[in-house]
Amino acid sequence: MTPRVVLVGPPGSGKTTVARELADLLGADVRDTDEDVERTHDSTIADLFVDHGEAHFRDAEAAAVSTALAEHAGILALGGGAVLHAGTRAALDGHRVVFLDVGLSEAAKRVGLNTARPLLLGNVRSQLKTLMDERRPIYAEVAAHVVSTDALTPREVADDIVRWLETGGSTA
Ligand SMILES: Nc1ncnc2c1ncn2[C@@H]1O[C@H](COP(=O)(O)OP(=O)(O)O)[C@@H](O)[C@H]1O
Ligand SMILES: O=C(O)C1=C[C@@H](OP(=O)(O)O)[C@@H](O)[C@H](O)C1
Ligand SMILES: [Mg+2]
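Residues numbered from 1 in each chain as written. Chains lettered and ligands numbered in written order. Predicted model: local features only at pLDDT ≥ 70, side-chain atom pairs only at ≥ 80, totals over all residues. Heavy atoms only, no water.

Applied cut-off: UniProt positions are given in the numbering used here, feature names are shortened, and annotations may be inferred rather than shown by experiment.
Identification of the protein chain as Shikimate kinase from Solicola gregarius is taken from an unreviewed UniProt entry. The annotation that UniProt attaches to the protein chain under Sequence similarities (unreviewed entry) is "Belongs to the shikimate kinase family." The Function (unreviewed entry) field of the UniProt record for the protein chain holds the comment "Catalyzes the specific phosphorylation of the 3-hydroxyl group of shikimic acid using ATP as a cosubstrate."

Take a look at the structure:
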């Protein structure tokens, strides 16, 4: 089994939201690796970071991605940092990966002061800038299609992905 689409991109790019829209449009199931990690560990991501540290979360996340890639046939949203894991990048090879891109200002607006994202605590804008600068080449490398989401609603982003699928939706 293989997901129809895997969504990657920075926090606030809309992966979780667009995955649901896209799943609705296609009549597919939706899965989000952040939710998988929280369920498996019976903990919020914020608590996992505080109690066990980021490295522990990244290992748990890599395991969740590996499982979801193997058993999920619908739309899969990854957490924004999942692609930092070399094993995950290798595992994404051959999948239909879409990079939801977003500019710094729009991403900062979308995530706001939401405390569910422990990496962004403190100066949200500067944390986001650092991680977006570091990760943009990685998202681009693993993806076969990019959607610039700044001026689009989640539904319009999902529509773009449907059109891409209809025209072939190649793997990276
Ligand atoms: N294209 C969009 N336009 C406006 N707001 C959006 C868009 N995509 C997502 N959002 C909003 O931004 C916030 C973060 O979205 P989310 O799907 O959680 O992003 P991610 O999973 O990539 O971190 C949510 O409040 C969501 O409603
Ligand atoms: O970018 C990151 O490192 C993270 C992004 C979050 O997911 P979203 O990208 O869905 O917000 C979540 O996995 C965790 O807070 C770490
Ligand atoms: Mg998300």
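**Regarding the side chain of serine 43**
Threshold: To qualify as a helix, a DSSP run of H or I must reach at least 4 residues; to qualify as a strand, a run of E must reach at least 2; elements of each kind are numbered from the N terminus. For the exposure calls, accessible area comes from a 1.4 Å probe over protein chains only, and a residue counts as buried if that area is under 20% of its type's maximum, exposed if over 50%, partly exposed in between.
As for its placement among the helices and strands, serine 43 is situated in the loop between helix H2 (33-41) and helix H3 (45-52). A residue is classified by how much of its surface remains accessible, and serine 43, at 18% relative accessible area, is buried.

**Describing the site of ligand 1**
The line we're drawing: One heavy atom within 4 Å of a molecule or strand makes the whole residue count as near it. Each polar contact in these results corresponds to two N or O atoms within 3.5 Å; when the atoms are within protein, one needs to be able to donate a hydrogen and the other to accept it, and residues that are neighboring in sequence are counted only if both atoms are side-chain atoms. Shrake-Rupley sampling with a 1.4 Å probe provides the accessible areas, and residues are treated as covered by the protein chains on show and by no other component. Using only the protein atoms, space was sampled on a 1 Å grid; points where a 1.4 Å probe fits but cannot get out form cavities, open sets with protein on both sides within 12 Å along at least five of seven lines form pockets, and lining residues are those with an atom within 4 Å of a point. In this description, a molecule resides in a pocket or cavity if more than half of its atoms sit within 2 Å of the grid points defining it.
Lining the immediate surroundings of ligand 1 are 13 residues, of which Gly12, Lys15, Thr16, Thr17 and Leu152 lie closest. Within the side chain of lysine 15, a nitrogen or oxygen atom sits 2.7 Å from an oxygen atom of ligand 1. Relative to its free-state accessible area of 560 Å², ligand 1 is covered by the protein chains to the extent of 72%. Taking a 2 Å distance to the grid points as the criterion, the majority of the atoms of ligand 1 fall inside the largest pocket. For the shell around ligand 1, the leading source of residues is helix H1 (residues 15-26), giving 3 residues.

**Overview of the packing of H3 against helix H4 (residues 54-71)**
To keep things clear, this is the line we draw: Fitted lines through C-alpha atoms give the axes, limited to the stretch in contact for helices. The angle between two N-to-C directions lies from 0 to 180 degrees. Relative orientations are named as follows: roughly parallel for angles under 35 degrees, roughly antiparallel for angles over 145 degrees, roughly perpendicular for angles from 65 to 115 degrees, and oblique for any other angle. We call two residues contacting when some pair of their heavy atoms lies within 4.5 Å. Residue type decides the class: Asp, Glu, Lys and Arg count as charged, Ala, Val, Leu, Ile, Met, Phe, Trp, Tyr, Cys and Pro as nonpolar, and the leftover types, Gly among them, as polar.
For the pair H3 and H4, interaxial distance at closest approach is 7 Å and the crossing angle is 130°. If you check the angle between H3 and H4, you find them oblique. Judged by residue contacts, Ile45, Leu48, Phe49 and His52 of H3 engage Glu54, His56 and Phe57 from H4. A per-class count over the contact of H3 with H4 returns 4 nonpolar, 2 polar and 1 charged.

**Some words on the site of ligand 2**
If you check the shell around ligand 2, you find 15 residues, and the closest are Lys15, Asp34, Arg58, Arg117 and Arg135. Contact between ligand 2 and aspartate 34: an oxygen atom at 2.7 Å from a side-chain N or O atom of the residue. In the environment of ligand 2, an oxygen atom lies 2.7 Å from a nitrogen or oxygen atom belonging to the side chain of arginine 135. Relative to its unbound accessible surface of 390 Å², ligand 2 loses 95% to contact with the protein.

**Focus on the sheet that holds strand E2 (residues 30-32)**
This is how the line gets drawn: A pair of strands is considered paired only if DSSP assigns at least 2 bridges between the two.
The 5 strands are arranged E2-E3-E1-E4-E5 in an open sheet whose pairing can be described as parallel. Either end of the sheet is taken by a strand with one partner, and the two such strands are E2 and strand E5 (145-148). For this sheet, the mean angle separating the axes of adjacent strands, direction not counted, is 20°. In this structure, E2 lies alongside strand E3 (residues 75-77), joined through 3 bridges in parallel fashion. For aspartate 32, the partnering residue across the bridge sits in E3 and is alanine 77. Contacts from H2 reach E2 and E3, with the element oriented near 65° to E2. Where H4 meets the sheet, its contacts fall on strand E1 (5-8), E2 and E3, and the angle it forms with E2 comes to roughly 165°.

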